[in-house]
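Summary of the model geometry
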Amino acid sequence: MSPLAVRNLNKSFKALQVLKDVSLEVQDEERHVVIGPNGAGKTTLFNCIMGTIPLTSGEVLLDGRNVGTLPTHARVPLGMSRTFQKNNLFESLTVEENVHLAIEARKPYRFGLFKPLSWRADLLEESEELLRRWDLWGRRERKVRELSYGEQRLLEVLLALASKPRMLLLDEPTSGMSPAETAQTIGLIQELPRSLTLLVVEHDMEVVFAIADRITVLHHGEVFLSGPPEEVRGDERVREIYFGGGARHDA
Ligand SMILES: Nc1ncnc2c1ncn2[C@@H]1O[C@H](COP(=O)(O)OP(=O)(O)OP(=O)(O)O)[C@@H](O)[C@H]1O
Ligand SMILES: [Mg+2]
């Protein structure tokens with residue numbers, strides 16, 4: 001059974017139908033990338049999968065269970081986590097404070113008066129491990145707003161990982177990054193444990209082909225094609241959809 005499947009998903013904003021009968025399946029340990037021109041419906045698909053917005057009809061199956069009507073906060077404990085296309089950080093707090101909040105949010109005792117004695121030491125250890133892995137340890141005392149844009153995007157991925165998800169959804173993780181930051185991010189994504197299933201929206205084809213095991217192409221809210229990278233790369237129609245329509249390739 002695949003850890004994440006979307007079945008016949010439809011989403012309309014009033015009269016505008018943005019997703020049309022979208023079905024896709026993300027296999028265990030798969031790195032699945034969704035591509036498509038601006039406005040194809042990629043972020044809307046992510047929002048429906050995470051429950052950030054309600055879907056109009058269809059199913060989101062997590063390990064075979066339909067979570068399509070659960071609110072986001074009920075999906076996170078089931079192992080889902082995401083980043084946003086635009087930063088979603090506490091800018092006036094330090095990097096480390098953001099990480100602590102994200103780790104704390106996972107703990108069952110977070111609102112309780114009585115925390116385990118090891119609470120503080122565990123928190124610091126976990127936070128340090130994440131910050132070092134994502135190369136932000138040296139920046140931990142900085143306020144988030146003092147970081148470069150690329151560092152903020154990296155921090156977002158780190159925070160999404162703090163909930164210890166089994167499945168991580170990344171929406172354009174490298175948008176707005178410098179080439180060096182993009183290369184660093186590719187490396188960090190490649191180093192993520194295989195046990196973490198990834199669903200990524202990405203515009204930068206270098207990133208797409210560096211991380212994808214499978215690619216789904218969305219076009220006008222419909223799945224146009226889903227297949228291994230070599231199949232998508234060689235498909236003339238995809239080239240036409242993606243590059244022929246004056247699509248933006250910056251952010
Ligand atoms: N809250 C909303 N209300 C109305 N229309 C919306 C809303 N959110 C998105 N849309 C519309 O849905 C369509 C798909 O938007 P979406 O953001 O999902 O595209 P995308 O594939 O993520 O594009 P991009 O590559 O620019 O990020 C667009 O036409 C957009 O204007
Ligand atoms: Mg988007």
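Everything quoted here is computed from the prediction, not taken from an experiment.

Moving on, we come to the site of ligand 1. Taken together, the neighbourhood of ligand 1 is formed by 14 residues, with Gly39, Lys42, Thr43, Thr44 and Gln85 sitting nearest. Taking Gly41, its main chain carries an N or O atom lying 2.9 Å from an oxygen atom of ligand 1. The contact in question runs from an oxygen atom of ligand 1 to an N or O atom on the side chain of His203, over 3.0 Å. Alone, ligand 1 offers 640 Å² of accessible surface; in the complex the protein occludes 61% of this. Ranked by the residues each element gives to the shell around ligand 1, the list is headed by helix H1 (residues 42–50), at 3 residues. The residue makeup of the shell around ligand 1, split by class, is 4 nonpolar, 7 polar and 3 charged.

Turning our attention to the sheet that holds strand E3 (residues 31–35). Taken in spatial order, the 6 strands make up an open sheet running E6-E7-E8-E3-E9-E10, and their pairing is mixed. With partners counted over all chains shown, the strands left at the sheet margins are strand E6 (80–82) and strand E10 (222–227), one partner each. Neighbour-to-neighbour, the strand axes of this sheet turn through a mean angle of 15°, independent of strand direction. Across 5 bridges, strand E7 (residues 167–171) lies against strand E8 (residues 197–201) in parallel orientation. Its bridge partner being in E8, Asp171 is matched across the sheet by Val201.

For E8, the tally of buried residues reaches 5 of 5 residues, placing the bulk of the element in the interior. Judged by which residues are buried, E8 turns out to be covered on both faces: Thr197, Leu199 and Val201 on one side and Leu198 and Val200 on the other are all buried. Note: E3 against E8, 4 bridges, orientation parallel. Residue His32 lies in a different strand from E8, and its bridge partner there is Leu199.

Our next topic: the pattern of salt bridges. According to the stated counting rule, one finds 12 salt bridges in the structure shown. In this structure, the salt-bridge partner of Glu126 is Lys164, at a minimum N-O distance of 3.8 Å. Highlighted residues: Glu126 in helix H4 (residues 119–133) and Lys164 in the loop between helix H5 (149–161) and E7, separated in sequence by 38 residues. Taking the relative accessible area as the measure of exposure, Lys164 reaches 57% and is therefore exposed. It is possible to trace a salt-bridge network through shared partners that takes in Arg106, Glu126 and Lys164.

The next thing to look at is the domain arrangement of the protein chain. Size of an interface: often given as the accessible area lost when the parts come together. Structurally, the protein chain comprises domain 1 (1–79 + 165–251) and domain 2 (89–164). Measuring from the centre of the C-alpha atoms in domain 1 to the corresponding centre in domain 2 gives 26 Å. With 17 residues of domain 1 at the interface, the matching set in domain 2 holds 14 residues. Each partner contributes to the roughly 1,200 Å² buried at the junction of domain 1 and domain 2, and carbon and sulfur atoms together form 66% of this total. The three residues of domain 1 that bury the most area against domain 2 are Pro165, Gln184 and Leu188, which together make up 36% of that side's buried surface. Counting across the domain 1 and domain 2 interface gives 0 salt bridges. Along the contact surface separating domain 1 from domain 2 lie 5 residue pairs in polar contact (both at pLDDT 80 or more). Elements supplying a minimum of two residues to the side of domain 1 that touches domain 2: E7 and helix H6 (179–191). With 4 residues, the single largest contributor to the side of domain 1 that touches domain 2 is H6.

We now examine the environment of Val208. By the secondary structure assignment, Val208 is in helix H7 (residues 205–211). By relative accessible area, which is 0% here, Val208 ends up buried. In this structure the C-alpha to C-alpha distance between Val208 and Pro229, which are 21 residues apart in sequence, comes to 8.6 Å. What Val208 contacts, discounting residues up to four positions off in sequence, is Val33, Ile35, Glu202 and Ile215.

Further remarks concern the side chain of Arg75. Checked against the element boundaries, Arg75 lands in helix H2 (residues 72–75). Buried within the structure, Arg75 lacks any salt-bridge partner; its nearest side chain of opposite charge belongs to Glu59, at an N-O separation of 12 Å. Those residues in contact with Arg75 that lie beyond four places of it in its chain are Cys48, Ile49, Met50, Gly51, Val60, Val67, Gly68, Thr69, Leu70 and Met80.

Quick notes on the rules
Counting restarts for each chain, with residues numbered from 1 along the sequence as it is written. Numbering of ligands from 1 and lettering of chains from A proceed in the order in which they are written. Under the rules for a predicted model, residues below a pLDDT of 70 receive no local features and side-chain atom pairs below 80 are neither given nor counted, while totals for whole chains, interfaces and linings still include all residues. The side-chain numbers reported here are obtained from all heavy atoms of the structure, hydrogens and water having been left aside. Nearness is judged by heavy atoms alone; a residue qualifies as near a molecule or strand once a single heavy atom is within 4 Å of it. Any N or O atom pair separated by 3.5 Å or less is treated as a polar contact, with the protein-specific requirement of one donor-capable and one acceptor-capable atom, and with residues adjacent in sequence counted only for side-chain atom pairs. Calculation of accessible area relied on Shrake-Rupley with a 1.4 Å probe; when residues are assessed, cover is drawn exclusively from the protein chains displayed. Secondary structure follows DSSP: runs of H or I at least 4 residues long count as helices, runs of E at least 2 residues long count as strands, and numbering of each begins at the N terminus. Throughout this entry, Asp, Glu, Lys and Arg are counted as charged residues, while Ala, Val, Leu, Ile, Met, Phe, Trp, Tyr, Cys and Pro are counted as nonpolar. The remaining residues, Gly among them, count as polar. Strand pairing is assigned whenever DSSP detects at least two bridges linking the two strands. Lines are fitted to the C-alpha atoms to define the axes, a helix being fitted only along its stretch in contact, and any angle between axes, read from their N-to-C directions, falls within 0 to 180 degrees. Buried residues are those whose accessible area, probed at 1.4 Å on protein chains only, stays under 20% of the maximum for their type, while exposed residues exceed 50% and partly exposed ones sit between those limits. Just to be clear on terms, a salt bridge is a Lys or Arg side-chain nitrogen sitting within 4 Å of an Asp or Glu carboxyl oxygen. Each domain's limits were defined by an automated method or a database of domain assignments. Contacts: residue pairs with any heavy atoms within 4.5 Å of one another. By convention, the term buried area covers the 1.4 Å-probe accessible surface removed from two parts as they join, with the contributions of both added. Charged-residue counts in this description rest on Lys and Arg as positive and Asp and Glu as negative, His and the chain ends being excluded.

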